[in-house]
Amino acid sequence: MKLQEFQRLVKTEFGEGLQHATPANVREFLDQVQSDVLPDRFANRIVLDEPFNSYEEIIRDFFAHVLDMPTEEAIVSLWTLSFYLAFSAIESQYADRFATLFQESE
């Protein structure tokens, strides 16, 4: 996916300043982008063929591959990962807060 096309998709989905981004719609958006970018041969299939034994090895492999990607593809890959991780952290904080609220009311 070209960078300009990706920027247009992001701004259309979340607004110019990403003001409409929430943990829920970020996850939906990234799922949709991933399914649109994957080749047709992978559509509707999950293939687990991970040669690594730890999360650390998987992350190292991802970043090693990003270094070899064309610049625009690398930017999109790194941006989507960062966006996902940031909003996952927010989602986790909300879950912790709500858990505290509900525990107090019991």
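First, a word on scope: everything that follows refers to the structure included in this document. (Residues numbered from 1 in each chain as written. Predicted model: local features only at pLDDT ≥ 70, side-chain atom pairs only at ≥ 80, totals over all residues. Heavy atoms only, no water.)

### Structural notes on the overall build of the chain
Inference 1: Broken down by element type, the chain carries four helices and zero strands.
Inference 2: Helices (α) and strands (β) of the chain occur, in sequence order from the N terminus, as α-α-α-α.
Inference 3: In the chain, 54% of the contacts between residues at least 6 apart in sequence involve partners at least 24 apart.
Inference 4: Carbon and sulfur atoms make up 54% of the accessible area of the chain, which totals about 8600 Å². (Helix = DSSP H or I, 4+ residues; strand = E, 2+ residues; numbered from the N terminus. Contact = heavy atoms within 4.5 Å. Areas by Shrake-Rupley, 256 points an atom, 1.4 Å probe, with all protein chains shown as cover.)

### Focus: the nonpolar core
Inference 1: Core analysis: the largest hydrophobic core is formed by 12 residues, namely Leu-3, Phe-6, Val-10, Phe-14, Ala-21, Val-26, Phe-29, Leu-30, Val-33, Val-76, Phe-83 and Phe-87.
Inference 2: Within the residue set of this core, elements represented by two or more residues are helix 1 (3–14), helix 2 (23–37) and helix 4 (71–104).
Inference 3: Discounting chain neighbours no more than four positions away, the residues touching Val-10 are Gly-15, Leu-18, Phe-29 and Trp-79. (Core = buried A, V, L, I, M, F, W, Y, C linked by side-chain atoms within 4.5 Å. Buried < 20%, exposed > 50% of the residue type's maximum accessible area, 1.4 Å probe, protein only.)

### Some details on the packing of aromatic side chains
Two numbers describe a pair of aromatic rings. These are the distance of the centres and the angle of the planes.
Inference 1: Per the stated rule, a full pass over the model turns up seven aromatic pairs.
Inference 2: With 6.5 Å between their ring centres and 45 degrees between their planes, Phe-6 and Phe-29 make a pair best called tilted. Here Phe-6, found in helix 1, pairs with Phe-29, found in helix 2; they are 23 residues apart in sequence, far enough to count as distant. With respect to burial, Phe-6 and Phe-29 carry one shared label: buried.
Inference 3: Their ring planes at 25 degrees and their centres at 4.3 Å tell us that Trp-79 and Phe-83 sit as a pair that is stacked. One end of the pair, Trp-79, and the other, Phe-83, are both in helix 4, four residues apart, so they sit about a helical turn from each other.
Inference 4: What makes Trp-79 partly exposed here is its relative accessible area of 29%.
Inference 5: Taking the relative accessible area as the measure of exposure, Phe-83 reaches 8% and is therefore buried. (Phe/Tyr/Trp six-rings, centres within 6.5 Å; stacked < 30°, edge-to-face > 60°.)

### A closer look at the environment of Val-26
Inference 1: Within the secondary structure, Val-26 sits in helix 2.
Inference 2: Judged by its relative accessible area of 1%, Val-26 is buried.
Inference 3: Between the alpha carbons of Val-26 and Thr-80 there is a distance of 9.6 Å; along the sequence they are 54 residues apart.

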